[in-house]
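Results of the structural survey
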Amino acid sequence: MKFSKRVNFLLLSFLITLNVALRYPTVQHELGADSFVIHILGDSITRHHYAKWILHPLSYIGLYPFSYPSAYPFLAADVSVSTGLDVESSIFLISIALGLIGVFGTYFLAREIKKDDLFCFVAALTFTLSPVFVRTTFWQASTRNLFVALAPSCMLLLLKTRGFAINRLNILFVITLFTVGTSHRLGVFMIFILIAYLTGVIMFALYKQILPMTIKSKKLNRSFRIAGPLIITGIFVALLGMLISGNNPLQGAQGLVVYQETVFFTGRSIPILLLNLFVSLIGRIGFMILFAMIGFAYLIWKKNKGLYEVFIVVSLIFIFPTIGMRTYSSYFFLIFFSLLAGYSFLQIFKFLKRKKVTGLALAIMAAALIASVGFHSYMWSHWRVTDYTMTEPTYDCAIYVKYNTNNTYIANNGLKAARISAISGKSCLPIGGATLVDNGPEQLIYDYLHEEDYQIIPIAIDKITVGSDALYKAKGAGNVEQDWTTIHQTQCDDVSDQLIIKYRLQYSVVDKNWLTGYWAFARSYYSRFLTSSIEARYKIYDNGAYEVWYFDHP
């Protein structure tokens, strides 16, 4: 279906406006848990003018000890230096930009696959209203948002590549692929898409060779048209059966056992697992997944598939086992489900147009749009309850720490410590917040570790899985988390000089929710350190939610 230039302009303007509106800040500060770890890394680059955690080429993609996927920290630092804004404000600008990049990447990917305006708009709209996409690009520095925003553009450039010639498009594809690979460890799965594309090219070539033979025989043609879709359906059913039985072909990714529980259903039976799978996917990808299912069936049974349609089907086969990675699978499926939703709407519109009920087709599209917006609002409200938001008292405490302290502070809440460190730029214990407690790059940023303190050794090949965080391990580096716990379990006067010197410990920042305890592993523990500090040390700050104590070791 073709729209006029004016209609296309209005629809694209609508997508731009909608994306910006969906990311309008309804909170005062950035969100997330990992976001503040990445914020710390980006801020470190702006202060030191280089990334202190880059020890090896694998450090860029986070597969080396004390490293992290580095594309976003570098991007945040570049935007901060270029604009003169702080890292927090830079993250907000990046979030809006990534929203637009993701949507228009999907739009032009759809246009490359099918030159149809309705198809392109529905695919981009599905991507726009996907709860998981908006959530990850709403003022937070999640490495996932860079991955999901750039993946459609990476796929678009892949489809536009022509052999191994050195030209602008191929060079841009390599640069985008590298950026996707360094944005999140999920980038390794782009290899599956590359293999799927090559497989699709081979299958399409064979298909074009077989097709002329089937045309000459009606019986052979009929058998060919029926056998192909049945074989494809059988492959998906076999993969689903493997996942249900827990035999996932991807090591490190579980089967459907990860879907034992959702907000609606709980259980281990096959119907419950399948229901929970559907609930999880629709909750992350959005209401339009219902139409994507129709598009999926259409694409499998479609006659005379083109190369790109073969590529979509083969890609879905290759990434189907990632369903066992409940948290991450939606990031892969979102791109393809957006395209499938476009196919669905296109076929529905064509069918109703033939029946001369075009008005009904428009009504269905309007109802789907309203339902998608409503479902997105519901999921946003649901996630707002569980999303991590930095409060004003936390921010105020961070500003105090920034201008009134010099050395490391020990906190009694890891996530709050990361937030305060991100804003203040000061070193803290514990490191990592919600992630990277044992192997975080903050150990190098804060100078807790030096090259002579540890030895890097490779991990045995048989111990490496898809979910592995590194290909090497550090021997003799110690354990920051264990040291943090040891300090809390020790009287303030008895903390060893070795720990004091190693971490340059001089202050404690106390979340008053656990005034004499510390929070770890989803429960609180009694802190002898904080209890004794109240009796023997000086409180220098109190805003009602946080206290800062001066720890003067005798």
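For the structure itself, consult the block above.
Right, let's get into the side chain of E309. Tracing the chain through its elements places E309 in helix 13 (residues 307-319). At 2.7 Å, the side chain of E309 forms a polar contact with the backbone nitrogen of G306. The residues contacting E309, other than those within four sequence positions of it, are L299, K302, N304 and Y343.

Looking now at the sheet that holds strand 9 (residues 546-550). One open sheet holds the five strands; their spatial order is 2-1-5-9-8, and the pairing between them is mixed. Only two strands of the sheet have a single partner each, and these edge strands are strand 2 (428-429) and strand 8 (538-542). Bridge count between strand 1 (residues 408-411) and strand 2: two bridges; the pairing is parallel. Note on strand 2: the bridge partner recorded for I410 is L429. With respect to the sheet, helix 19 (residues 480-488) is in contact with strand 1, strand 2 and strand 5 (505-511), its orientation differing from that of strand 1 by roughly 75°. Along the sheet, helix 21 (residues 528-536) makes contact with strand 1, strand 5 and strand 9, crossing strand 5 at roughly 100°.

Once that is clear, we can look at empty space enclosed by the protein. Tallied over the entire structure, the rule returns three cavities of 30 Å³ or more. What the largest cavity holds in volume is close to 40 Å³. For the largest cavity, the full set of lining residues is F147, A151, M155, M190, I193, F332, I335 and F336. When contributions to the lining of the largest cavity are tallied by element, the ones reaching two or more residues are helix 7 (143-160), helix 9 (190-216) and helix 14 (329-354). Residue composition of the lining of the largest cavity, grouped by class: eight nonpolar, no polar and no charged.

Once that is clear, we can look at helix 11 (residues 270-285). An α-helix turns once per 3.6 residues; consequently, residues spaced three or four apart project the same way. Taking 1.5 Å of rise per residue, the 16 residues of helix 11 would be expected to cover 22 Å, and the 22 Å separating its terminal C-alpha atoms lies within 8% of that figure. Taken together, the buried positions of helix 11 are I272, L273, N276, L277, V279, S280, L281, I282, G283, R284 and I285. One or two positions beyond helix 11, positive phi appears at G286, with a value near 115°.

Relative to strand 7 (residues 523-526), strand 6 (residues 517-520) runs antiparallel, the two being bridged by four bridges. From the neighbouring strand, W519 faces strand 7, where its bridge partner is S524. Counting the residues between successive antiparallel strands, the hairpin from strand 6 to strand 7 contains two residues, one of them, F521, with a positive phi of roughly 55°.

Moving on: the packing of aromatic side chains. Two descriptors summarise a pair of aromatic rings, namely the distance from one centre to the other and the angle between the planes of the rings. For the coordinates displayed, the defined rule picks out 25 aromatic pairs. Put simply, the rings of W53, Y60 and F74 pair up and form one aromatic cluster.

In this fold, T516 is placed in the loop between strand 5 and strand 6. By relative accessible area, T516 is classed as partly exposed at 33%. Remark: the alpha-carbon pair of T516 and S527, spanning eleven residues in sequence, is separated by 5.6 Å. In this structure, T516 is in contact with Y525, Y526, S527, L530, T531 and I534, ignoring residues within four places of it in sequence.

Criteria and thresholds
All chains use their own residue numbering, which begins from 1 and follows the written sequence. It should be noted that, the model being predicted, local features are given only for residues of pLDDT at least 70 and side-chain atom pairs only at 80 or more, the latter also being counted only at that level, while totals for whole chains, interfaces and linings use all residues. Here the side-chain values reflect all heavy atoms present in the structure, with hydrogen atoms and water set aside. The way it works is that DSSP assigns letters per residue, a run of H or I at least four long becomes a helix, a run of E at least two long becomes a strand, and they are numbered from the N terminus. Polar contacts here mean pairs of N or O atoms no more than 3.5 Å apart (in protein, one a potential hydrogen donor and the other a potential acceptor; neighbouring residues in sequence count only if both atoms are side-chain atoms). Every residue pair with non-hydrogen atoms within 4.5 Å of one another is taken to be in contact. Note on pairing: two strands pair once DSSP finds at least 2 bridges between them. Between the N-to-C directions of two axes lies an angle of 0 to 180 degrees, each axis being a line fitted to C-alpha atoms and, for a helix, fitted only over the stretch in contact. A 1.4 Å probe that fits into a set of points on a 1 Å grid over the protein atoms alone but cannot get out defines a cavity; an open set with protein on both sides within 12 Å along at least five of seven lines defines a pocket, and lining residues are those with an atom within 4 Å of a point. Grid points are joined across faces, edges and corners, and a volume is the space filled by probe spheres set on the points. Any residue outside Ala, Val, Leu, Ile, Met, Phe, Trp, Tyr, Cys, Pro, Asp, Glu, Lys and Arg is labelled polar, Gly included; the first ten of those are nonpolar and the last four are charged. Helix span is expected to be 1.5 Å times the residue number reduced by one. Burial classification: accessible surface area is computed with a 1.4 Å probe over protein chains only, and a residue below 20% of its type maximum counts as buried, one above 50% as exposed, and the rest as partly exposed. Aromatic pairs are defined between Phe, Tyr and Trp rings, using the six-membered ring for Trp, whenever the two ring centres lie within 6.5 Å; interplanar angles under 30 degrees are classed as stacked, those over 60 as edge-to-face, and all others as tilted.

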